[in-house]
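An overview of the molecular structure
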Amino acid sequence: MANERILVVDDEVNARRAIATILKEEGFEVREAADGVEALGLLADFAPAAVLTDVRMPRMDGLTLMRRAREAGSDATFVVMTAFASVEAAVEAMRAGAESYLTKPLDMNAVLVVLGKALETRQLKTETRQLRERVAERFRVGNIIGDAPELQGVYALIQQAAPTKATVLILGESGTGKELVAQALHELSPRKERPFVKVHCAALSEGLLESELFGHERGAFTGAVARKEGRFELADGGTLFLDEIGEISLAVQVKLLRVLQSREFERVGGTQTLKVDVRIVAATHRDLQAEVKAGRFREDLYYRLNVVAVTLPPLRRRKGDIPALVNHFLERCNASYGKDVKGLAPGTLQALMSHDWPGNIRELENAVERAVVLARGEELTADDLPPVLRGPRPSPESSERLIPGASLAAIEREAILRTLEMVQGSTTRAAEVLGISVRKIQYKLKEYAGGGGGPEAEASGEE
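Since we're looking at a predicted model, the values are computed, not measured. (Residues numbered from 1 in each chain as written. Predicted model: local features only at pLDDT ≥ 70, side-chain atom pairs only at ≥ 80, totals over all residues. Heavy atoms only, no water.)

**Brief notes about helix 7 (residues 178–187)**
- The buried fraction of helix 7 amounts to eight of the 10 residues, a majority that puts the element mostly inside the structure.
- Residues of helix 7 that are buried: Lys178, Val181, Ala182, Gln183, Ala184, Leu185, His186 and Glu187. (Buried < 20%, exposed > 50% of the residue type's maximum accessible area, 1.4 Å probe, protein only. Helix = DSSP H or I, 4+ residues; strand = E, 2+ residues; numbered from the N terminus.)

Structure (structure tokens):
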């Protein structure tokens, strides 16, 4: 903890200087103040990690200094010291925000130990806050990559549903990013400080799934050697994400329905009724309405789950987002594998745009990861892509040969694709460079991918 800044506040000059001298010898950067008013003036410029302050001082006492410092936005940790020790004084100091409490005359060894622990606690709190901020940054709606029109409704639903307790059902093909939406719902909710617990329902047998969800008592079945808390208990106060909810058996559906209705359940083999406060987010790639008609999914459970439905579009319906997604995966794979791939060679983006992506974003990520691993230069070529994506592609000199002798459509196509590669897939930046609308670029990308578009789309895309 050496080199940390410490502010020593005491109206007794000799005591203050003695403490400051010892702390400096320990490697701390130290400033002194004779009372709370002087200390308050030093907080902004000196920005101490810790304040070691006397309680009783003229002009402003130590407890008032703490309150004023918090009001001013200081994140310094406070350790108070006083010659008037009492239980009431200690309680008052801790309530005011003190990390610890010392009595005079001071034992400097004790001061160093208490100060060290206070600084460690401050560091842990800072690291925890930063971790939460990084998690929130990763899963906020703005980081669900893509600005395709098909995603705008998804963003709006997430923003509206996240602050509520409503159960959310996320629908979409495998690989479309359902778990990312579930995490965004949690991170944007009042429950974000509480647990986010995931259960992949398709990966567990009926017996194991029941035990995972509700827990079990010792001896409930062979191998149950101790009591186990279920995911509902672990998620109490937070969010429980039930992935592939369409795969659970009818027997488990009945028990799940009860929890959704009453928030009560019993562990497997137990008789004690447990009550939890859990927000449910479920996801499936199946058509649950069709499953209800076929008798494989309970209708009452379907309606309990389907309070708010979020449907994620497949990647083939939002191909305009492929350049931005590719750039995102490129950056991540470069960091993971220590590579320095800067972009795509001519023809590579067209190969990616021409594929239908039955595995959606997950398949695209795997394709980019494979290409980065195999890449031998600074650009990904079509040869680096999986065989299913390889097809006719231009030679490296093709863009230079476009003029003269090429059609305007071919020139426009090359300009759009190469500009997108230059701006790392941002349709907004490409539109600015080319002097056309984002909507026209989105339309053209669909056209190049084989999605076409009728006269109405053509007209709306023109400047």
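**Some thoughts on the sheet that holds strand 8 (residues 239–243)**
- Taken together, five strands build an open sheet; the order of strands is 7-8-11-6-12 and the sheet is parallel. This sheet does not close on itself; its edge strands, each paired only once, are strand 7 (196–200) and strand 12 (308–311). Each strand axis lies, on average, 20° off the axis of its neighbour in the sheet, ignoring direction.
- Sheet topology places strand 8 next to strand 11 (residues 279–284); four bridges connect them, and they run parallel. Each bridged residue has a counterpart across the sheet, and for Thr239 the counterpart in strand 11 is Arg279.
- The strands touched by helix 6 (residues 149–161) are strand 6 (168–171), strand 11 and strand 12; relative to strand 12, the strand with the most contacts, the crossing angle is about 150°. (Pairing = 2+ DSSP bridges. Axes fitted to C-alpha atoms, helices over the stretch in contact; angles between N-to-C directions. Contact = heavy atoms within 4.5 Å.)

**Regarding the sheet that holds strand 5 (residues 98–103)**
- Taken together, five strands build an open sheet; the order of strands is 2-1-3-4-5 and the sheet is parallel. With one partner strand each, in any of the chains shown, strand 2 (29–33) and strand 5 form the two edges of the open sheet. When strand polarity is set aside, the average angle formed by the axes of neighbouring strands in this sheet is 20°.
- As paired elements, strand 4 (residues 77–82) and strand 5 share five bridges and run parallel to each other. Its bridge partner being in strand 5, Thr82 is matched across the sheet by Thr103.
- The strands touched by helix 1 (residues 13–25) are strand 1 (5–9), strand 2, strand 3 (50–54) and strand 4; relative to strand 2, the strand with the most contacts, the crossing angle is about 170°.
- The strands touched by helix 3 (residues 62–71) are strand 1, strand 3, strand 4 and strand 5; relative to strand 4, the strand with the most contacts, the crossing angle is about 170°.

**Some words on the nonpolar core**
- In this structure, Ile322, Val326, Leu352, Trp357, Leu364, Leu380 and Ile441 are the most contacted members of the largest nonpolar core, which totals 33 residues.
- For this core, the secondary structure elements donating two or more residues are helix 13 (322–337), helix 14 (348–354), helix 15 (360–374), helix 17 (408–422), helix 18 (427–434) and helix 19 (438–448).
- In this structure, Leu364 is in contact with Leu315, Leu325, Val326, Phe329, Leu352 and Trp357, ignoring residues within four places of it in sequence.
- With 30 residues, the next largest nonpolar core counts Leu213, Phe232, Leu288 and Phe297 among its residues. (Core = buried A, V, L, I, M, F, W, Y, C linked by side-chain atoms within 4.5 Å.)

**Some remarks on the packing of aromatic side chains**
- Inspection of every chain in the model, using the stated rule, returns five aromatic pairs.
- Ring plane angle 15° and centroid distance 6.3 Å describe the contact between Phe196 and Phe241, whose orientation is recorded as stacked. You can see Phe196 sitting in strand 7 and its partner Phe241 sitting in strand 8, a full 45 residues away along the chain.
- Aromatic pair Phe214 and Phe265: ring centres 5.8 Å apart, planes at 40°, arrangement tilted. Note that Phe214 is positioned in helix 8 (residues 206–214) and Phe265 in strand 9 (residues 264–266), a separation of 51 residues in sequence.
- The class of Phe214 is buried, set by a relative accessible area of 3%.
- An aromatic cluster is defined as three or more aromatic residues linked by ring pairs; in this entry it consists of Phe214, Phe232 and Phe265.
- The ring of Phe46 carries Arg31 above its face, with NZ or CZ at 5.3 Å from the centroid. (Phe/Tyr/Trp six-rings, centres within 6.5 Å; stacked < 30°, edge-to-face > 60°. Lys NZ or Arg CZ within 6 Å of the ring centre and 35° of its normal.)

**A look at the pairing of strand 6**
- Pairing analysis gives four bridges linking strand 6 to strand 11, with the strands arranged parallel. The residue bridging Leu171 from the neighbouring strand is Thr284, located in strand 11.
- The pairing of strand 6 with strand 12 spans four bridges and is classified as parallel. If you follow Leu171 over to strand 12, its bridge partner there is Thr311.

**Details of the pattern of salt bridges**
- This model, assessed by the stated rule, comprises 26 salt bridges.
- Between Lys319 and Asp356 there is a salt bridge, and its shortest N-O distance comes to 3.5 Å. Within this pair, whereas Lys319 is found in the loop between strand 12 and helix 13, its partner Asp356 is found in the loop between helix 14 and helix 15, the two being separated by 37 residues in sequence.
- If you follow the salt bridges from partner to partner, you end up with Glu217, Arg227, Glu233 and Arg267 in one network. (Salt bridge = Lys/Arg side-chain N within 4 Å of Asp/Glu carboxyl O.)

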